[in-house]
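# Structure assessment
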Amino acid sequence: MKKEDEALILGQHIQSNMFELKDKDGLARIGVLETAHGKIETPTLLPVINPNQIMVSPSDMREKIGIQAIITNSYIIRKSDKLREIALEKGLHHLVGFDGPIMTDSGTFQAHVYGKIKLEPLEIIEFQKAIGSDIGTALDLFSEPDDGREKVESDLMETIARTKMSAENKGNMMLAGPIQGGRFPDLREYAAKEMSKIDCDIYPIGGIVPMMERQMYFTLADAVLSAKAYLDPSKPVHLFGAGHPMLFSLAVLMGGDMFDSSAYAKFAREGRMMFSDGTRFLSELRELPCHCQICSTHTADELRHSPAKEKLLALHNLHVSFSEFRTIKQAIHEGRLWELAETRCRAHPTLLDGLKCLKKHNDQLERHEPLSRNLAYLYTSQESYHRPVVTRLRKRILERYEPPASNMEIMFPEATKPYSRTFAEPMKMALEKADVNFWADSLFCPVPLELDEMYPISQSVVPEFLEPDVLREKENVLEQFKEAGMFKSEFRKWTGIETLEGLPAKSNPMPDKNQQRVKAVADLQFGKGAGAVLLDGKVELVVSKNNDRIRNVLVDGKHILSMRAGDGFFTLKPEGGRILLKAFPSPLLRVIVNADSAEFNVLGRNVFCGFMIDADPGIVPRDEVIVVTESDELCAIGQAMMTREEMLAFKKGIAVKVRDGIGKQG
Ligand code: GUN
Ligand code: ZN
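Just so it is clear, the model here is predicted, and its values are computed rather than measured.

## Section: a nonpolar patch on the surface
Taken together, the side chains of Phe 109, Val 113 and Tyr 114 make up a nonpolar region of the molecular surface, amounting to roughly 330 Å² of accessible area. Relative to the helices and strands, Tyr 114 is located in helix α6 (residues 108–114).

Spelled out as structure tokens, the structure:
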């Protein structure tokens, strides 16, 4: 029976309101949210429309700026006799003159700012339904960053209870369930866990407006990431009241999908123009440093004296905001969002505090960190040293790398990459004399030279002069490597040819550097011991005639792995998959699919979310994985598009891009 039919018989509401992933980089993602009035591609901004005072009409915004959806306030509509009547009679979309997706807020903020208002949580849900809101919001209780723990906790419990009630009564309307918890990360986590159990469609992070007004970006980042860690990954995360383009890239990097703000209008009223690096008063501008339609056709002076100044400034502000989202989306496609956010956060010292908070949540970020990216790692600042890509590499070398037998360890200084080419001569000289194991003093950590073509080692651009803090940290990491016993014999830093003086005599034959590379990369990519089992047999390596680099790995005549030129990792071949399947117990390296899926996966079709039984919790996006049935029969091999949690939570989208399907006879 088809899923839809089953749902009908069970009397369940068919979920057409769904969020589908299109692309991602870490926690940042591009998604599509379906609503009753059309799709919203995220990340995006929902401009706030005040129905009492429409500065730019939503249809104008759509035509001129390309906005997709708006947000308005159901409490404000309900309070005005005139607006309420039109909304109830002709609908919300008629009232604001927009036939696209409309989200409504509940009046929480008004209640919070203006004190007690007469409003029952279910009344406002019923009202939002009655006027035809696409996405309604529960009436949460707003916590201030200065509120004490007890108050925040009791407000949170009430918010959860109200959201539960609201979800039970949401009908066909999508529901936003706000995450409160004030300045307490553990309460944000608790809120996320509890709210994820409730049938909401969107999770906004609430209570952050005062944090932005007071530029408490560390607290803000801490709140967002603490919540994000425990929110249902298949639901979009909204940041209530976040509307400055300066903040968008960092917010998206932390997993923010949707944003709303009235800042574009408020700032325009105050004569202020938004830019991706801050805000400027029009009165102080001699030039308009922007290429939007408004700024390209007016001088600063003309704009100052235009009778339509307010509207023009609002349009400029919207243009800059939406242009920033296009920049962010392109950065996600390219794998460049970290660089973008690090650059944007230098616009204001307080934003740097937000960036610095990411280090605290490194484990969480690393779980979503892709195996590799298409573009190189660019060091922009000392914060770049704390990206999850760096900690991942260090951790994997410490845990998975097995140094070959040696009687000397030599570490070369940072140099042109790949290091093994730069230092080919001294390596050859040293290996003729002794059993030397080679390292490079890379930014990330001491790097075994067998790994030097692997992302991000060769694919990184690092300045020659590093900040004192980073140099100190690098020394600490070297100590950590020494203490972990990574150097099995005497350790020397390469200072020139004299480093080779007094080397202990050679006792082993000349090592096959290429085979050592295959083993080391396989261990780092698939897990400790993978290299040994994969290479157990007669090994033949096909090497590129152009550049001498490893292309294919054959064992006992069977092609098991191909090394990718771009990132230096392996593409798994069916025969390689078979070996790993035997060597690693379930669920390691596996995506386990149900029988409906297996039937198609053996034919080479992709694995879709919703057909999954389980997966290795260690899988990261872009990992090579083995697709198996519940009884651990090999179906296919391919590339994971997401983490296990995402594969299990999403109902739509590709979980594994299958490269080769494998029937029983293989
Ligand atoms: N608008 C700005 N902040 C909030 C919030 O915390 N909750 C709701 N419902 N709306 C908001
Ligand atoms: Zn402009």
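## Focus on the site of ligand 1
Taken together, Asp 105, Ser 106, Thr 108, Phe 109, Thr 137, Asp 140, Phe 142, Gln 180, Gly 206, Gly 207, Val 209 and Phe 240 form the complete shell of residues around ligand 1. At 3.4 Å from a nitrogen atom of ligand 1 is found a side-chain nitrogen or oxygen belonging to Thr 108. Contacts to ligand 1 include Gly 207, whose backbone N or O atom sits 2.8 Å from an oxygen atom. Broken down by class, the residue content of the shell around ligand 1 amounts to four nonpolar, six polar and two charged.

## Observations regarding the packing of aromatic side chains
One pass over the structure, following the stated rule, counts 13 aromatic pairs. The interplanar angle of 35° and the centroid separation of 6.3 Å between the aromatic rings of Phe 19 and Phe 650 together place this pair among those described as tilted. Taken together, the positions of Phe 19 in strand β1 (residues 19–25) and Phe 650 in the loop between α28 (644–649) and β29 (654–661) put the pair 631 residues apart, joining distant regions of the chain. Among the residues examined, Phe 650 registers a relative accessible area of 2% and is labelled buried. Grouped by ring-pair contacts, the aromatic residues Tyr 401, Trp 439, Phe 481, Phe 487 and Phe 491 constitute a single cluster. Over the face of the ring belonging to Tyr 377 we find Arg 387, whose NZ or CZ atom lies 4.5 Å from the ring centre.

## Regarding the packing of helix α9 (residues 185–196) against helix α11 (residues 217–228)
α11 packs onto α9 with a crossing angle of 35° between their chain directions and a minimal axis gap of 7 Å. Judged by the sense of rotation from one axis to the other, the crossing of α9 with α11 is right-handed. Across the interface between the two elements, Pro 185, Arg 188, Glu 189 and Ala 192 of α9 pack against Asp 222, Ala 223, Ser 226 and Ala 227 of α11. Classifying every residue of the contact of α9 with α11 gives four nonpolar, one polar and three charged.

## Concerning helix α22 (residues 424–433)
Taken as a whole, α22 has its buried residues at Pro 426, Met 427, Ala 430 and Leu 431. The buried residues of α22 occupy an angular sector of 130° when the element is viewed end-on, so they sit on one face. Exposed side of α22, more than 90 degrees from the buried face: Glu 425 and Glu 432 are the residues found there. Close packing links the buried residues of α22 with β15 (408–412), α21 (419–422), β16 (436–441) and α24 (513–526).

## Describing the environment of Arg 421
The topology assignment puts Arg 421 in helix α21. Once the C-alpha coordinates of Arg 421 and Gly 557 are considered, the two residues, 136 residues apart in sequence, prove to be 29 Å apart. Non-local contacts of Arg 421, meaning those with residues more than four positions away in its chain, are made with Glu 453, Asn 547, Asp 548 and Arg 549.

## Some points on the coordination of the zinc ion (ligand 2)
Donor atoms from the polypeptide that bind the zinc ion (ligand 2) are Cys 290 (SG), Cys 292 (SG), Cys 295 (SG) and His 316 (ND1), placed at 2.1 to 2.3 Å. All donor residues of the zinc ion (ligand 2) come from one chain, and their arrangement in sequence is C-x1-C-x2-C-x20-H. Comparing Cys 290 with Cys 292 shows no difference in burial state: the two are buried.

## Things to note about the pattern of salt bridges
Opposite charge on two side chains allows them to pair when their charged atoms are near. Summed over all chains, the structure comprises 58 salt bridges. For Lys 64, the salt bridge goes to Asp 60, with nearest N and O atoms at 3.1 Å. Linking Lys 64 with Asp 60, this pair stays in helix α2 (residues 58–65), spanning four residues, or about one helical turn. Note on Lys 64: relative accessible area 48%, which makes it partly exposed. For Asp 155, the salt bridge is made with Lys 151, and the minimal N-O distance between the two is 2.7 Å. Of this pair, Asp 155 and Lys 151 both sit in helix α8 (residues 149–168), four residues apart, roughly one helical turn. Taking relative accessible area as the criterion, Asp 155 reaches 10% and is therefore assigned buried. Lys 151 sits in the partly exposed class, given a relative accessible area of 42%.

## Things to note about the sheet that holds β16
Pairing within the open sheet is mixed, and its four strands lie in the order β17-β16-β15-β19. The strands lining the two open edges of the sheet, one partner per strand, are β17 (446–448) and β19 (491–493). Geometrically, the sheet is characterised by an average inter-axis angle of 30° between neighbouring strands, direction not taken into account. Of the pairings in the sheet, the one linking β15 to β19 comprises three bridges and is parallel in character. Its bridge partner being in β19, Glu 409 is matched across the sheet by Phe 491.

## Overview of the nonpolar core
Generally speaking, a soluble globular protein has its nonpolar side chains buried in company with each other. If you look at the biggest cluster of nonpolar residues, it comprises 102 residues, and the most contacted ones within it are Ile 205, Leu 239, Leu 247, Phe 259, Met 273, Leu 337 and Leu 358. Counting residues per element, this core draws most heavily on helix α16 (residues 309–334), which supplies eleven residues. Non-local contacts of Leu 337, meaning those with residues more than four positions away in its chain, are made with Asp 25, Ala 28, Ser 249, Val 252, Leu 253, Ile 328, Ala 331 and Ile 332.

## Points about the sheet that holds strand β20 (residues 539–543)
As a general point, the strands of a sheet are linked pairwise by backbone hydrogen bonds and lie either parallel or antiparallel. Read across the sheet, four strands follow the order β20-β21-β22-β23 without closing on themselves; strand pairing throughout is antiparallel. The open sheet is flanked by β20 and β23 (570–572), the only strands paired with a single partner. Neighbour-to-neighbour, the strand axes of this sheet turn through a mean angle of 30°, independent of strand direction.

Cut-offs applied
Here the residue numbering is sequential within each chain, running from 1 through the sequence in written order. Whichever chain is written first becomes A and whichever ligand is written first becomes 1, with later ones labelled in order. Local features in this predicted model are restricted to residues of pLDDT 70 or higher, and side-chain atom pairs are both shown and tallied only at a pLDDT of 80 or more, whereas totals for entire chains, interfaces and linings draw on every residue. For the side-chain quantities, the full set of heavy atoms in the structure was used; hydrogens and water were omitted. Like-charged residues are merged into a patch within 9 Å and nonpolar side chains (Val, Leu, Ile, Met, Phe, Trp, Tyr) within 5 Å, provided each residue has over 30% relative accessible area and no salt bridge. Surface accessibility in these figures is a Shrake-Rupley result with a 1.4 Å probe; residues are shielded only by whichever protein chains are displayed. Only one rule defines a salt bridge in this text: a Lys or Arg side-chain nitrogen within 4 Å of an Asp or Glu carboxyl oxygen. Helix numbers and strand numbers start at the N terminus; a helix is a DSSP run of H or I with at least 4 residues, a strand a run of E with at least 2. We call a residue near a given molecule or strand whenever any one of its heavy atoms falls within 4 Å of it. Here a polar contact means two N or O atoms within 3.5 Å. Within protein one must be a hydrogen donor candidate and the other an acceptor candidate, and residues neighboring in sequence count only if both atoms are side-chain atoms. Residues are grouped as follows: Ala, Val, Leu, Ile, Met, Phe, Trp, Tyr, Cys and Pro are nonpolar; Asp, Glu, Lys and Arg are charged; every other residue, Gly included, is polar. Pairing of aromatic rings covers Phe, Tyr and Trp, the last through its six-membered ring, and needs centres within 6.5 Å; plane angles under 30 degrees mean stacked, over 60 mean edge-to-face, and all others mean tilted. A simple rule labels every residue: compare its accessible area, found with a 1.4 Å probe on the protein chains alone, to the largest value its type can have, and call it buried under 20%, exposed over 50%, or partly exposed in between. Charge-over-ring contacts are defined here by two conditions on Lys NZ or Arg CZ: a distance within 6 Å of the ring centre and an angle within 35 degrees of the ring normal. Whenever a helix is involved, its axis is fitted only over the stretch in contact; in every case the axis is a line through C-alpha atoms, and angles between N-to-C directions fall within 0 to 180 degrees. Two helices cross in a left-handed way if the nearer one is turned anticlockwise from the farther one by less than a right angle. They cross in a right-handed way if the turn is clockwise. Every residue pair with non-hydrogen atoms within 4.5 Å of one another is taken to be in contact. Taken from the helix axis, the directions to the C-beta atoms give the arc we talk about. Atoms are scored as donors when they are N, O or S and lie within 2.8 Å of the metal, with 3.2 Å used for Na, K and Ca; no water is included, so coordination may look incomplete. Any two strands with at least two DSSP bridges between them are considered paired. By convention a nonpolar core is built from buried Ala, Val, Leu, Ile, Met, Phe, Trp, Tyr and Cys residues, the set being connected through side-chain atoms within 4.5 Å.

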